[in-house]
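Listed below are the residues making up each chain.
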Amino acid sequence: MQRRDVVKLGAGLTAAGAVLGTAGTAQAETTSASARDCAARIRDVFNSEIAKAGGTWQGTVTLLNGTAAPTVAVDHNSTSVQTAASMNKLGIALGVLDKIDRGELNLDDRVTLNADIILTGSGFYFHQTAYGDEITVANILVALLLTSDNTAVRLCGLVCPPAEINEVLEAKGFTDTRVIPNPANPARMWLGDTTTAETNDMLHRLALGELLSADGTRFFLNVLKGLSGYHDGFRRNMSSAERSRIAMKYGADDAERNESGIVYNAAGAPALVYSFMSQSEKHWDNYGATHPVVQAHARMGRKFFDQVNSAGLAASDAVTLEVEENAVSDSEL
């Protein structure tokens, strides 16, 4: 090869690199602009819906595009510390799964379900009326996250006490998200407080695989995506296929109606993370789908989901999660 050919080849590679670089920059700029437009529309929807619902709100919504920095769509009183209710079961599960990652606990370790640990009013354990079961940690976590069983909180405390859960949260950088230990019993806890900023960050980092091992992350998110879970809020106005693209947890107690989740795109990459908290003077006894705040969650869910689809967010370099969602009809049982 002649020197002039080498020069030509080098020049050609330089030119090609310049073209590719320009194309890459242009694509990134287009994606960024799309995210900004999507964020603006989501912000308008959020502001409109909370005005209709009334009450006091906190909210954080971010758009994800691969591993790039998220685009903030909503930042509304996001650092205001409020009662988390069952939304803090995310933090409890994180503490238990982190202990499993450290090799100090296993999903198949067993706990005895005794009558004296049963707390009535949520989930399914209290319906049994007969106890003595030997149940696995995995069973407890599914009850905790999928059906929001409050007895499951007590069972988690037996294998990972509240003080240890708070230590895990602290070590992972969550300063406002805390369960409240019961001074009379070191294994018991109240669900405590959080902020929408920290809950959003927790779910974002979980979706990117930054908080737990791959196995722990997969287990956690697959339960949150379960089609046997809560559908009154964000996932209400969706098909089962659409619902399976959302990993979420809600929390409700007295004035609080809270919900947080991750929306995945059709390719299985995380595209949007939302966290809502609110406090209402009215409707305390309404824990159903007709609560004005829950209705607002449902309307936002449909509109946010459609925005994610139309904006084409979350490029192929995002962390994806393979999920097998077994949705069967009664005829298949």
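First things first, this report covers the structure right here in the doc. Numbers given for residues are sequential positions, taken from 1 along each chain in its written order. Residue-level local features of this predicted model are given only where pLDDT is at least 70; pairs of side-chain atoms are given and counted only at 80 or more, and the full residue set underlies all totals for whole chains, interfaces and linings. Where side-chain values are given, they derive from all heavy atoms of the structure, hydrogens and water being excluded.

All right, on to the sheet that holds strand β3 (residues 82–83) then. Whether parallel or antiparallel, the strands of a sheet pair through hydrogen bonds between backbone atoms. If you trace the three strands from one edge of the open sheet to the other, you get β3-β7-β6, paired in antiparallel fashion. At either end of the open sheet lies a strand with only one pairing partner, and these are β3 and β6 (178–182). Think of it this way: DSSP has to see at least two bridges between two strands before they count as a pair. Secondary structure elements are defined from DSSP: runs of H or I of at least 4 residues count as helices, runs of E of at least 2 residues count as strands, and each element is numbered from the N terminus. By the bridge criterion, two bridges tie β3 to strand β7 (residues 185–194) in an arrangement that is antiparallel. Paired with Q82 across the strands is T194, a residue of β7.

A word on the side chain of Q307. Within the secondary structure, Q307 is located in helix α9 (residues 292–311). Accessible area is worked out with a 1.4 Å probe on protein chains only. A residue is then buried under 20% of its type maximum, exposed over 50%, and partly exposed in between. Look at Q307 and you get buried, because its relative accessible area is 17%. For this analysis, residues touch if any pair of their heavy atoms sits within 4.5 Å. The residues touching Q307, leaving out its near neighbours within four places in the chain, are C38, R41 and I42.

Take the packing of helix α3 (residues 137–146) against helix α7 (residues 214–224) next. Axis angles are defined between N-to-C directions and span 0 to 180 degrees, where every axis is a line fitted to C-alpha atoms and, for a helix, only to the segment in contact. For the pair α3 and α7, the least separation of the axes is 9 Å and the interaxial angle reads 45 degrees. In terms of their interaxial angle, α3 and α7 are classed as oblique. For α3 against α7, the interelement crossing comes out right-handed. Touching A138, L141, V142, L145 and L146 of α3 are F219, F220, V223 and L224, all from α7. Asp, Glu, Lys and Arg are counted as charged, while Ala, Val, Leu, Ile, Met, Phe, Trp, Tyr, Cys and Pro are counted as nonpolar; the rest, among them Gly, fall into the polar class. Split into classes, the residues belonging to the contact of α3 with α7 amount to nine nonpolar, no polar and no charged. Throughout, the term roughly parallel applies to angles under 35 degrees, roughly antiparallel to angles over 145, roughly perpendicular to angles from 65 to 115, and oblique to all others. Handedness of each helix crossing follows the sense of rotation of the near helix against the far helix: counterclockwise by less than a right angle gives left-handed, clockwise gives right-handed.

Attention now goes to the pattern of salt bridges. Think of a salt bridge as a Lys or Arg side-chain nitrogen and an Asp or Glu carboxyl oxygen that are within 4 Å of each other. Under the definition given, this model contains 13 salt bridges. Residues K52 and E49 are paired through a salt bridge, measuring 3.6 Å at the closest nitrogen-oxygen approach. Of this pair, K52 and E49 both sit in helix α1 (residues 3–53), three residues apart, roughly one helical turn. Note on K52: relative accessible area 55%, which makes it exposed. The class for E49 is buried, based on a relative accessible area of 0%. Between R218 and D215 there is a salt bridge whose closest N-O contact spans 3.0 Å. Of this pair, R218 and D215 both sit in helix α7, three residues apart, roughly one helical turn. A relative accessible area of 36% means that R218 is categorised as partly exposed. Of the residues examined, D215 reaches a relative accessible area of 56% and is grouped as exposed.

In this section: the nonpolar core. Core analysis: the biggest nonpolar cluster contains 52 residues, and I92, Y125, L141, L144 and F220 have the highest contact counts within it. Broken down by element, the residue count for this core peaks at eight residues, all from α3. In contact with I92, other than residues within four places in its own chain, are L144, V153, C156, I165, V179, M189 and L191. Core analysis: the next-biggest nonpolar cluster, separate from the first, contains 30 residues, V45, L272, V293 and V308 among them. To define a nonpolar core, start from buried Ala, Val, Leu, Ile, Met, Phe, Trp, Tyr and Cys residues and group those joined through side-chain atoms within 4.5 Å.

With that settled, consider the packing of aromatic side chains. The criterion for an aromatic pair is that two Phe, Tyr or Trp rings (for Trp, the six-membered ring) have centres within 6.5 Å, with stacked assigned to planes under 30 degrees apart, edge-to-face to planes over 60 apart and tilted to the rest. Enumeration over the complete set of coordinates arrives at ten aromatic pairs. A centroid spacing of 3.8 Å and a plane angle of 5 degrees characterise the contact between F234 and Y274, whose relative ring orientation is stacked. Placement of the pair is F234 in the loop between α7 and α8 (240–243) and Y274 in strand β10 (residues 270–279), with a sequence separation of 40 residues. Ring geometry for F276 versus F304: centroids 6.3 Å apart, planes at 65 degrees, classification edge-to-face. With F276 in strand β10 and F304 in helix α9, this pair connects stretches of sequence that are 28 residues apart. Judged by relative accessible area, F276 falls into the buried class, the value being 0%. For F304, a relative accessible area of 0% translates into the label buried. Counting every residue linked through ring pairs, the aromatic cluster contains F46, W57, F234, Y274, F276 and F304. In this scheme, Lys NZ or Arg CZ marks a charge over a ring once it lies within 6 Å of the ring centre and within 35 degrees of the ring normal. K225 extends its terminal NZ or CZ atom over the ring of Y264, reaching a point 3.6 Å from the ring centre.

Turning our attention to helix α2 (residues 89–101). Because the α-helix completes a turn every 3.6 residues, residues three or four places apart line up on one side. One less than the number of residues in a helix, times 1.5 Å, gives the span that helix is expected to have. The end-to-end C-alpha distance of α2 is 18 Å, a good match for the 18 Å that 13 residues give at a rise of 1.5 Å each. Most of α2 is tucked away: twelve of the 13 residues are buried. Among the residues of α2, K89, L90, G91, I92, A93, L94, G95, V96, L97, D98, K99 and I100 are the ones counted as buried. Just past α2, the residue G103 takes up positive phi, approximately 80 degrees.

What follows covers the environment of N258. Tracing the chain through its elements places N258 in strand β9 (residues 256–264). Judged by relative accessible area, N258 falls into the buried class, the value being 2%. Sequence separation between N258 and A85 is 173 residues; the distance between their C-alpha atoms is 7.7 Å. In this structure, N258 is in contact with T83, A84, A85, M87, Y250, G251, F276, M277, S278 and H297, ignoring residues within four places of it in sequence.

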